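This is what each chain is made of:
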Amino acid sequence: MNTFIDLLAEKGFEKITINDIAERANINRGTVYLHYVDKFDLLDKCIETYVELLLHHCANSADTNLNASAFQSIFEYLEKNFTIYKLLLSNEGFGFFRSRLYAIIAQTVTEVIGIKSENKALSNDVTTHFLTSGFIGVLEWWINNSMPCNVQEITEQLMFLLEPYTKHLVSR
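Residues numbered from 1 in each chain as written. Predicted model: local features only at pLDDT ≥ 70, side-chain atom pairs only at ≥ 80, totals over all residues. Heavy atoms only, no water.

Moving on: the pattern of salt bridges. Close approach of charged atoms allows side chains of opposite charge to pair. Tallied over the entire structure, the rule returns 6 salt bridges. The salt bridge partner of Asp41 is Lys45, with a shortest N-O separation of 2.9 Å. Residue Asp41 and its partner Lys45 are located together in helix 4 (residues 39–61), separated by 4 residues, close to a single helical turn. With a relative accessible area of 36%, Lys45 lands in the partly exposed category. A salt bridge links Arg100 to Glu52, with the shortest nitrogen-to-oxygen separation between them at 3.5 Å. Of the two residues, Arg100 sits in helix 7 (residues 95–116) while Glu52 sits in helix 4, which places them 48 residues apart along the sequence. (Salt bridge = Lys/Arg side-chain N within 4 Å of Asp/Glu carboxyl O. Helix = DSSP H or I, 4+ residues; strand = E, 2+ residues; numbered from the N terminus. Buried < 20%, exposed > 50% of the residue type's maximum accessible area, 1.4 Å probe, protein only.)

With that out of the way, let us pick up the packing of helix 5 (residues 68–80) against helix 9 (residues 151–166). Helix 9 packs onto helix 5 with a crossing angle of 140° between their chain directions and a minimal axis gap of 9 Å. Once helix 5 is placed against helix 9, the crossing between them reads as right-handed. Side by side, helix 5 and helix 9 meet where Ala68, Phe71, Gln72, Phe75, Glu76 and Glu79 of the first sit next to Val151, Gln152, Ile154, Thr155, Leu158, Met159 and Leu162 of the second. Considering only residue class, the contact of helix 5 with helix 9 consists of 8 nonpolar, 3 polar and 2 charged. (Axes fitted to C-alpha atoms, helices over the stretch in contact; angles between N-to-C directions. Left-handed = near helix turned anticlockwise from the far one by under 90°. Contact = heavy atoms within 4.5 Å. Nonpolar A, V, L, I, M, F, W, Y, C, P; charged D, E, K, R; others polar.)

With that settled, the discussion passes to the environment of Met147. Mapped onto the elements, Met147 comes out in the loop between helix 8 (125–144) and helix 9. Looking at Met147, the relative accessible area reads 24%, which means it is partly exposed. Here the alpha-carbon distance between Met147 and Phe82, two residues 65 residues apart in the chain, equals 8.8 Å. Those residues in contact with Met147 that lie beyond four places of it in its chain are Glu79, Phe82 and Trp142.

The next point concerns the nonpolar core. Of all hydrophobic cores here, the largest spans 49 residues; its most connected members are Phe4, Leu78 and Phe97. Every element with two or more residues in this core is listed here: helix 1 (2–11), helix 2 (18–25), helix 4, helix 5, helix 6 (82–90), helix 7, helix 8 and helix 9. Other than its neighbours up to four places away in sequence, Phe97 contacts Ile47, Tyr50, Val51, Tyr85, Leu88 and Leu89. (Core = buried A, V, L, I, M, F, W, Y, C linked by side-chain atoms within 4.5 Å.)

So, on to the packing of aromatic side chains. Taken as a whole and judged by the stated rule, the model has 8 aromatic pairs. With 5.1 Å between their ring centres and 70° between their planes, Phe13 and Phe40 make a pair best called edge-to-face. Taken as a pair, Phe13 in the loop between helix 1 and helix 2 and Phe40 in helix 4 lie far apart in primary sequence, 27 residues in all. Looking at Phe13, the relative accessible area reads 4%, which means it is buried. Take Phe40: its relative accessible area is 46%, and that puts it in the partly exposed class. Ring plane angle 85° and centroid distance 6.0 Å describe the contact between Tyr50 and Tyr85, whose orientation is recorded as edge-to-face. (Phe/Tyr/Trp six-rings, centres within 6.5 Å; stacked < 30°, edge-to-face > 60°.)

Structure below.
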């Protein structure tokens, strides 16, 4: 997978072959096929791995809340792993990564709003998708523009923008 990521950065997905991966990893093609059906399967597993790593980090370091510590934790992790997430978010054909990330964040937002909201008007699909789209948009902007502001600044700005939604959430 590391070899695949290196090649992805160098060549782009369309130009990568299983042979390239095998040669660079110093293994034979059969070994690659033992673990992956093809390069699309490898891409899917790569995306799944990096989405899971992000989620695992967030689950270990912060509550599932729409609060500053949760956002700060996410952006600190992305800052430390900037190169891989920039590659996954910005490379052509990687709507898969964005879609998977979107689905997981939307599920989390739905749970947070549904469980913790005092305002029943927030417990709906429109709010979930508004908040998820906004967060993903900011995250993509931050990564694709090489982190134009620091973690603290982006966290503060997000909290300011989300204040109308987070003030209705009760702490557990």
